[in-house]
Amino acid sequence: MSDIPVGRFAPSPSGRMHLGNVLTAMLAWLSVKSRGGRFVLRIEDLDTARCRKEYATQLMDDLNWLGLTWDEGPCAAMPHAPYFQSECTALYEQALAQLSRSQTIYPCFCSRADLHAASAPHRTDGTAIYAGTCRSLTPQQCETYKLQGRQAALRVAVPGRDISFHDTLCGSVQQNLARECGDFIIRRSDGIFAYQLAVVVDDARMGITEVVRGRDLLDSTPRQIFLQQALGFPLPEYIHTPLLVNAQGARLSKRDGALDLGVLRHKFTPCQLIGRLAALVGLLPAPESIDLRTLAANFSWQQIHSADISVPFSWFE
Ligand code: GLU
């Protein structure tokens, strides 16, 4: 691994950036820039039904407006192109072929209804733990499904051991994939590669040394570590940042339209917005206008609150 920290922001262009996305991008940027590192922008546009080129263009315009510029990615240096996941299918195919040499990968014909049957064990986030239904299908059974016109997803069989890692903000995390997750999808039935595989391939080939992202993805990390180990990739440092929540305690989403950049850019300067976010996470005692370079000069993860943060909406009116 290189000595220079390499961080990344990896948004899915499915709408306008909101405050939560800006916070993640800002922390990822500050973390590497405070140590003379490199910042990569990767556009995670695999889900063609939700993602749009116009959103990606807008996103880059918003990041530039904020001053969160990237050293590598679209419109910058591109030593590890492509930076749009929709253009990386051949790389994911290669990883899938490599993975299938050491792991059990099998087609799964289960429908949504099969997966969400009330009898299926569920995870704490409400999603079903896959029971392994298709793991022992015979080639004849697979043929029959195909003749019925059913498209198969691909799943990887997970090990029964615990996967553990240390997160800079969340501390020690442990998950038993067999018990708490089940065999998971690496290619969807429509042929689109799953986020779990794509993110691991891209973080490795781009030489990412630290992954900073929202805590909603903490639960995905053991799956990604399992894939990294199976593919012989290095383990980056993980830092899952607190989520911004509304007064009801629900995570801010693209539906909280008043906090998207389309609105915020009309009300604030970049330095005012950055200063408000910095105060929210513990980098400043109170909101003030501040530029990113000044924040980077004094940045450390020890200052960052680790619990989710309730947004004082009056700060953003
Ligand atoms: N593309 C994901 C998202 O926008 C982030 C993935 C990651 O940072 O690993 O939620």
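Above this text you will find the structure in question.
A.B. asks: Give me the lowdown on the site of the ligand, citing residues and values where you can.
C.D. replies: By nearness alone, every residue bordering the ligand is listed as R8, A10, P11, S12, E44, Y195, V199, R213 and L217. Interatomic distance of 2.7 Å between a side-chain N/O atom of E44 and a nitrogen atom of the ligand. At 2.9 Å, a side-chain N or O of R213 approaches an oxygen atom of the ligand. Look at the ligand: alone it shows 300 Å² of surface, and the protein chains cover 77% of it. Within the shell around the ligand, the residues separate by chemical class into 5 nonpolar, 1 polar and 3 charged.

A.B. asks: An account of helix α3 (residues 89-102) is requested, with residue identities and associated values reported.
C.D. replies: Here α3 contains 14 residues, and its C-alpha end-to-end distance of 21 Å stays within 8% of the 20 Å for a straight helix at 1.5 Å per residue. Along α3, the residues classified as buried are Y92, A95, L96 and L99. Summarising the axial view, the buried residues of α3 lie within an arc of 105 degrees, below the 170-degree limit, and thus occupy one face. Counted as exposed and oriented over 90 degrees from the buried face of α3: A90, Q94 and R101. Where α3 is buried, its residues touch β3 (105-108), β4 (153-156), β7 (184-187), α7 (195-205) and α8 (221-231).

A.B. asks: Lay out the environment of R101 with the relevant residues and their values.
C.D. replies: Tracing the sequence through the fold places R101 in helix α3. By relative accessible area, R101 is classed as exposed at 67%. Remark: the alpha-carbon pair of R101 and L231, spanning 130 residues in sequence, is separated by 9.8 Å.

A.B. asks: Provide a residue-level description of the layout of surface pockets, including the pertinent values.
C.D. replies: Reported here for the second largest pocket is a volume of approximately 170 Å³. Tallied by class, the residues present in the lining of the second largest pocket amount to 3 nonpolar, 3 polar and 4 charged.

A.B. asks: Tell me what's going on with the pattern of salt bridges, and back it up with residues and numbers.
C.D. replies: Overall, the coordinates contain 19 salt bridges when judged by the stated rule. We note a salt bridge from R265 to D61, for which the minimum N-O separation is 2.9 Å. Separated by 204 residues along the polypeptide, R265 in helix α9 (residues 261-267) and D61 in helix α2 (residues 53-66) bring together distant segments of the chain. Residues R251 and D216 are paired through a salt bridge, measuring 3.4 Å at the closest nitrogen-oxygen approach. Here D216 lies in the loop between β8 (210-214) and α8 and R251 lies in the loop between β10 (244-245) and α9, a separation of 35 residues in the sequence. In this structure D216 comes out as partly exposed when scored by relative accessible area, which is 38%. Overlapping salt bridges bring together R8, R42, E44, D202, D203 and R205 as one network.

A.B. asks: I'd like a description of the sheet that holds β4, backed by residues and values.
C.D. replies: Strands sit in the order β3-β4-β7 across an open sheet of 3 strands; the sheet is antiparallel. Either end of the sheet is taken by a strand with one partner, and the two such strands are β3 and β7. On average, adjacent strands in this sheet sit at an angle of 45 degrees to one another, irrespective of strand direction. Both β4 and β7 contribute to a ladder of 3 bridges, which runs antiparallel. Residue pairing for β7: V156 is matched across the bridge by F184.

The rules we used
Residues numbered from 1 in each chain as written. Predicted model: local features only at pLDDT ≥ 70, side-chain atom pairs only at ≥ 80, totals over all residues. Heavy atoms only, no water. Near = heavy atom within 4 Å. Polar contact = N/O pair within 3.5 Å; in protein donor to acceptor, adjacent residues only side chain to side chain. Areas by Shrake-Rupley, 256 points an atom, 1.4 Å probe, with all protein chains shown as cover. Nonpolar A, V, L, I, M, F, W, Y, C, P; charged D, E, K, R; others polar. Helix = DSSP H or I, 4+ residues; strand = E, 2+ residues; numbered from the N terminus. Expected span 1.5 Å × (residues − 1). Buried < 20%, exposed > 50% of the residue type's maximum accessible area, 1.4 Å probe, protein only. Arc of directions from axis to C-beta. Contact = heavy atoms within 4.5 Å. 1 Å grid on protein atoms, 1.4 Å probe; cavity = no way out; pocket = protein on both sides within 12 Å on 5 of 7 lines; lining within 4 Å. Points joined across faces, edges and corners; volume = space filled by probe spheres on them. Salt bridge = Lys/Arg side-chain N within 4 Å of Asp/Glu carboxyl O. Pairing = 2+ DSSP bridges. Axes fitted to C-alpha atoms, helices over the stretch in contact; angles between N-to-C directions.

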